[in-house]
Amino acid sequence: MRIYLDHNATTPVRPEVADAMDVVQRSLFGNASSVHEEGAAAKAECDRARARVASLLRVEPADVLFTGGATEANNTALLGLLAQRTEGPGHLVTTNVEHPSVDAPLEWLERAGWCVTRVPVDAEGRVEEDAVVAAITPETALVSVIWANNETGVLQPVEAIAAAVRDHGVPFHSDATQAVGKVSVDLSSVPVDLLSLSAHKLNGPKGVGCLIARGGIAFEPILLGGPQERRRRGGTENVAGIAGLGVACELAEHELPERSSRYRALRDRLWEGLQAKVPGIRRNGSAVFVLPNSLNVEFEGAAGEILLQALDLEGIAVSSGAACASGTIEPSQVLLAMGRSPEAARGSLRMSVGYGVDEVQIDQLLAVLPDLVERARRASTV
Amino acid sequence: MSERTVVAMSGGVDSSVAAALLVEQGHEAIGITMSLAGDGSRCCSIADADDARRVASGLGMRHFIANYGDSFRRVVQEVFADEYLAGRTPIPCVTCNTKFKFEYLIERARVFGASCVASGHYARIDDDPETGLKRLRTAADVSKDQTYFLFELKQEQLSAVLFPLGSMVKSEVRAHARRFGLETADKAESQEICFVPDGDYAAVVERIRPDALPGEGDVVDANGTVLGRHAGIHHFTVGQRRGLGLSTSKPVYVSSIDAENNRVVVGESRDLDATVACVQRVSWVAGGSPDRSIRARVKIRHGDPGVAAALYVCEDDSVRVEFDEPVRAVTPGQAAVFYDGDIVLGGGWIAGRIA
């Protein structure tokens, strides 16, 4: 049996989600824009899912805009919002630990003349609220701060930043892809204007996500086409995917406090076991402000790439850095941003627990890892 | 449980067939494609890694990329450039085999619980019935033999290496490829140095060592008479005829490169012949160094049939090679590899010819 400890990369689809999607795929084939009964049934399915997403995040259903995933949501938030600006290129504030689907649109905007301030994180992987606020200028059109980092799991002080940014009258976006379903993301108390998430990070299907766009914030669609999603996103709705996202959100809402504490117990068991059994390790990122399921550890003098592959052959899936197109592994930009050396970054592994992980599996990892680390340290030319 | 074996897979037909044969023999074969020179080189590109991945997947094998880009730049590419800048003509493939494929990959294989690394090289390894030591022998297909690039392997490496194709001729390998339905079966073979895909060595040297280029210098004859100018010694190799820009009545060739004075020395065809060469940093594949002198067939370039010679072993790991007949263009920086029949005795690096 494989042991899957890479839930920050993607998660297994819950049976409840697969069942709901199966029903749609088999019997609700209608186009949600069609007037007839088939269309109405599909539309109703989308609305049911919209209500479920809205309920989890405590927003209005009308705020939920379904997309093809978090990358599209982030692109829409950044490019769509700024495309409708009439004053020409302005200024943006973000962090230096954003996901590539935020970074890349920002770089695109920079090439178009925009100015971007990337507030650096500290050694714990956190930005300071004050530093973000201090970066705001009269020209600032948007502040975007990741809710929780995908590699370290470190949580940013989004609640405080959102409130302070609101006081400056600047729109605020957060990429909450890693956070939703693992910790409470309650937008009734956090003044976020735009928020991105993806279904496959919370036991839903791949290829669907959403952008939360609150308070009627105006933006241009980036996928031009039909009038779907209230003219904010062209393209026939992925009804089965949307239904799956809805069920995944409903499950998260019901299970969340218990789910968080179960993930935390597993993650802590892993970290405590590693500390007891493997010398020369160091945890990357804050141990307090961190997703309950995430653990990023440097194994001094061992190549993360070799460890990852050796663990995989032992039946255990973990992650190291960010895989690039050829499958090679570059040192994590997030760890470098935290001031870690390239060697330390290359020697780090990300382990993230989730649905289906139990204590027995954690103990199996703890049984094989010390010896693998020892062997990898003898063979770590990279 | 079947034996776990790592296969170095380039994406090409040879290593693909090697992998398929191991799987057929019941190994738990794990494919690894080394990422060395990165994109823009002929090997190790994303497309090659994808080819290897597809082949491995079709064979039911696991496949990984092993990223050694930083080490490769330092240990192979920078040394390659420095050799050119020192007036020599390097062969990076030897170090790539000795260090990367059969040292670092063996290290990684051991972490994986695999005892051997297999590759698609054309060479054979067997046991010497008298000494019990491993012997490195030329491939059954002499035209494909790659032992010239493998002479630096040590006994402990040979005992952890498998060459499944060593006893086959190329047509058999192609037949196996078709039998296994390998999609790379008709792919063109690479011959050039992988990170010099277009054969422009000088441009690669300039890219790797932009700050260390010697610049223009004189082209001289054996007496030191200046015949012309050159654009940098890294554009030249011993025996080269093209690119000298001289108008002479007889064809002239580069006979040596004088890095110290930044000069390219030219001569006539007969000036390229030599009967003696000094070979340094010699390693003896078949165990220890011979006592004093031995006879061997010596190859001074890949694809060369070799010339009979007497080898005199000196104290500092160097060997004086006295060829039975003159050899052409003894080129500093190239390897001299010593053979007894089809057995590789050892080899080293040509320091220079001795007049």
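Residues numbered from 1 in each chain as written. Chains lettered and ligands numbered in written order. Predicted model: local features only at pLDDT ≥ 70, side-chain atom pairs only at ≥ 80, totals over all residues.

### Section: the overall build of chain A
Scanning chain A for helices and strands turns up 12 helices and 14 strands. Taking all 382 residues of chain A together, the buried fraction comes to 53%. Taking the contacts inside chain A whose residues are at least 6 apart along the sequence as the reference set, 73% of them involve residues at least 24 apart. (Helix = DSSP H or I, 4+ residues; strand = E, 2+ residues; numbered from the N terminus. Buried ≥ 20, exposed ≤ 12 C-beta atoms within 10 Å, placed from the backbone. Contact = placed C-beta atoms within 7 Å.)

### Description of the overall build of chain B
What chain B contains, in helices and strands, is seven helices and 17 strands. Computed over C-alpha atoms, the radius of gyration of chain B comes to 21 Å, within 12% of the 20 Å expected from 2.2 N^0.38 for 355 residues, which places it in the range of a compact globule. Viewed in the frame of its principal axes, chain B has a C-alpha envelope of about 70 × 45 × 35 Å. In chain B, the proportion of contacts linking residues at least 24 apart, taken out of those at least 6 apart, comes to 64%. (Rg over C-alpha atoms; globule rule 2.2 N^0.38 Å.)

### With respect to the nonpolar core
Counting 137 residues, the largest nonpolar core has Leu307(A), Ala376(A), Val7(B), Ala19(B) and Leu105(B) as its most contacted members. If sequence neighbours within four positions are ignored, Val7(B) has contacts with Ser15(B), Ala18(B), Ala19(B), Leu22(B), Ala29(B), Ile30(B), Gly31(B) and Ala118(B). In this structure, Trp114(A), Val158(A), Val180(A) and Ala345(A) belong to the second largest nonpolar core, which totals 86 residues. (Core = buried A, V, L, I, M, F, W, Y, C linked by C-beta atoms within 7 Å.)

### Looking at the packing of helix α3 (residues 70-83) of chain A against helix α4 (residues 100-111) of chain A
All names here are of chain A. Between α3 and α4, whose axes approach to 8 Å, the crossing angle comes to 30°. The pairing of α3 with α4 is recorded here as roughly parallel in orientation. Classified by chirality, the crossing of α4 by α3 is right-handed. Here Ala70, Thr71, Asn74, Asn75, Leu78, Leu79 and Leu82 of α3 come into contact with α4, specifically with Ser101, Val102, Pro105, Leu106 and Leu109. In the contact of α3 with α4, the residues fall into eight nonpolar, four polar and no charged. (Axes fitted to C-alpha atoms, helices over the stretch in contact; angles between N-to-C directions. Parallel < 35°, antiparallel > 145°, perpendicular 65-115°, else oblique. Left-handed = near helix turned anticlockwise from the far one by under 90°. Nonpolar A, V, L, I, M, F, W, Y, C, P; charged D, E, K, R; others polar.)

### Observations concerning the domain arrangement of chain A
Residues and elements named next belong to chain A. When the domains of chain A are assigned, the result is domain 1 (3-10 + 256-377) and domain 2 (15-252). Its C-alpha centre places domain 1 at a distance of 27 Å from the equivalent point of domain 2. Listed per partner, the contact involves 22 residues of domain 1 and 26 residues of domain 2. At the level of elements, α8 (239-277), β10 (294-299) and α10 (333-337) are the ones that each hand at least two residues to the side of domain 1 that touches domain 2. Top element by residues in the side of domain 1 that touches domain 2 is α8. It accounts for three residues. (Domains from an automatic or database assignment.)

### A look at the sheet that holds strand β9 (residues 226-230) of chain B
Residue and element names in this part refer to chain B. A sheet is described by the order of its strands in space; here four strands give the open sequence β9-β8-β11-β10, paired in mixed fashion. The sheet is open, and its two borders are formed by β9 and β10 (253-258), each paired with just one other strand. Each neighbouring strand pair of the sheet contributes to a mean axis angle of 30°, computed without reference to strand direction. (Pairing = 2+ DSSP bridges.)

### Looking at the pairing of strand β16 (residues 335-340) of chain B
All names here are of chain B. Within β16, five of the six residues are buried, leaving the element largely enclosed by the surrounding structure. Looking at chain direction, strand β13 (residues 293-299) and β16 are connected through three bridges and run antiparallel. Its bridge partner being in β16, valine 298 is matched across the sheet by phenylalanine 338.

### A closer look at helix α7 (residues 201-208) of chain B
Of all the residues in α7(B), the buried ones are Tyr201(B), Val204(B) and Val205(B). In a view along the axis of α7(B), the buried residues occupy a sector of 100°, so they form one face of it. (Arc of directions from axis to C-beta.)

### Structural notes on unusual backbone geometry
All names here are of chain A. Despite not being glycine, arginine 58 shows a phi value in the positive range, around 60°. Relative to the helices and strands, arginine 58 is located in the loop between α2 (37-57) and β2 (64-67). The backbone of arginine 231 sits at a positive phi, close to 65°, despite the residue not being glycine. For arginine 231, the location among the structural elements is in helix α7 (residues 228-231). Here arginine 231 falls in the exposed class, since 10 other C-beta atoms lie within 10 Å of it.

### Focus on the pairing of β10(B)
All names here are of chain B. In terms of strand pairing, β10 meets strand β11 (residues 263-267) through five bridges, oriented antiparallel. What sits directly across from tyrosine 253, in β11, is glycine 267. The turn joining β10 and β11, which pair antiparallel and follow one another in sequence, is formed by four residues; a positive phi near 55° is taken by asparagine 262.

### Section: the domain arrangement of chain B
Residues and elements named next belong to chain B. Per the domain assignment, the segments making up chain B are domain 1 (4-179), domain 2 (214-267) and domain 3 (273-353). Facing the five residues of domain 1 at the interface are eight residues of domain 2. Tallied by class, residues from the side of domain 1 that touches domain 2 come to three nonpolar, two polar and no charged.

### What about helix α12 (residues 359-377) of chain A?
Each α-helix winds once per 3.6 residues, and so residues spaced three or four apart point in a common direction. Between its first and last C-alpha, α12(A) extends 27 Å over 19 residues, near the 27 Å set by a 1.5 Å rise per residue. Taking the largest bend as the criterion, α12(A) deviates by roughly 35°, centred on Leu369(A), and proline Pro370(A) comes between one and four positions later. Those residues of α12(A) that are buried are in contact with β1 (3-4), α8, β10, α9 (304-313) and β11 (316-317) of chain A together with α4 (92-111) of chain B. (Expected span 1.5 Å × (residues − 1). Bend = angle between axes of the 7 residues up to and from the residue.)

### Focus: the sheet that holds strand β3 (residues 62-67) of chain B
Residues and elements named next belong to chain B. Read from one edge of the open sheet, five strands run β3-β2-β1-β4-β7, paired in parallel fashion. Each end of this open sheet is capped by a strand with a single partner; those strands are β3 and β7 (161-162). As paired elements, strand β4 (residues 116-118) and β7 share two bridges and run parallel to each other. Following the sheet pairing, valine 117 is matched in β7 by valine 161. Here helix α1 (residues 13-24) sits on the sheet and contacts β1 (4-8), β2 (28-35) and β4; the angle it forms with β1, its principal contact strand, is near 165°.

### Here we look at the packing of helix α3 (residues 69-85) of chain B against α7(B)
All names here are of chain B. At a minimum axis separation of 9 Å, α3 and α7 run at an interaxial angle of 115°. With respect to α7, the element α3 is oriented roughly perpendicular. Like other packed secondary-structure pairs, α3 and α7 cross with a definite hand, here left-handed. Between α3 and α7, the contacting residues are Gln77, Glu78, Ala81, Tyr84 and Leu85 on the first element and Tyr201, Val205 and Ile208 on the second.

### A word on the environment of Ala104(A)
Note on placement: Ala104(A) falls in helix α4. For the pair Ala104(A) and Thr152(A), spaced 48 residues apart in the sequence, the C-alpha separation amounts to 20 Å.

### Thoughts on the environment of Val360(A)
Residues and elements named next belong to chain A. Inspection of the secondary structure puts valine 360 in helix α12. Given 9 C-beta atoms within a 10 Å radius, valine 360 is considered exposed. Taking C-alpha positions, valine 360 is 9.9 Å from leucine 266, a pair spaced 94 residues apart along the chain.

### Quick look at the confidence of the model for chain B
Residue and element names in this part refer to chain B. Mean pLDDT over chain B works out to 90, with 94% of the residues at or above the 70 mark. Looking across chain B, the model is least confident in helix α2 (residues 46-58), with a mean pLDDT of 87, and most confident in β7, with 98. As scored by the predictor, the complex reaches a pTM of 0.91 and an ipTM of 0.88. (pLDDT = per-residue confidence, 0-100.)

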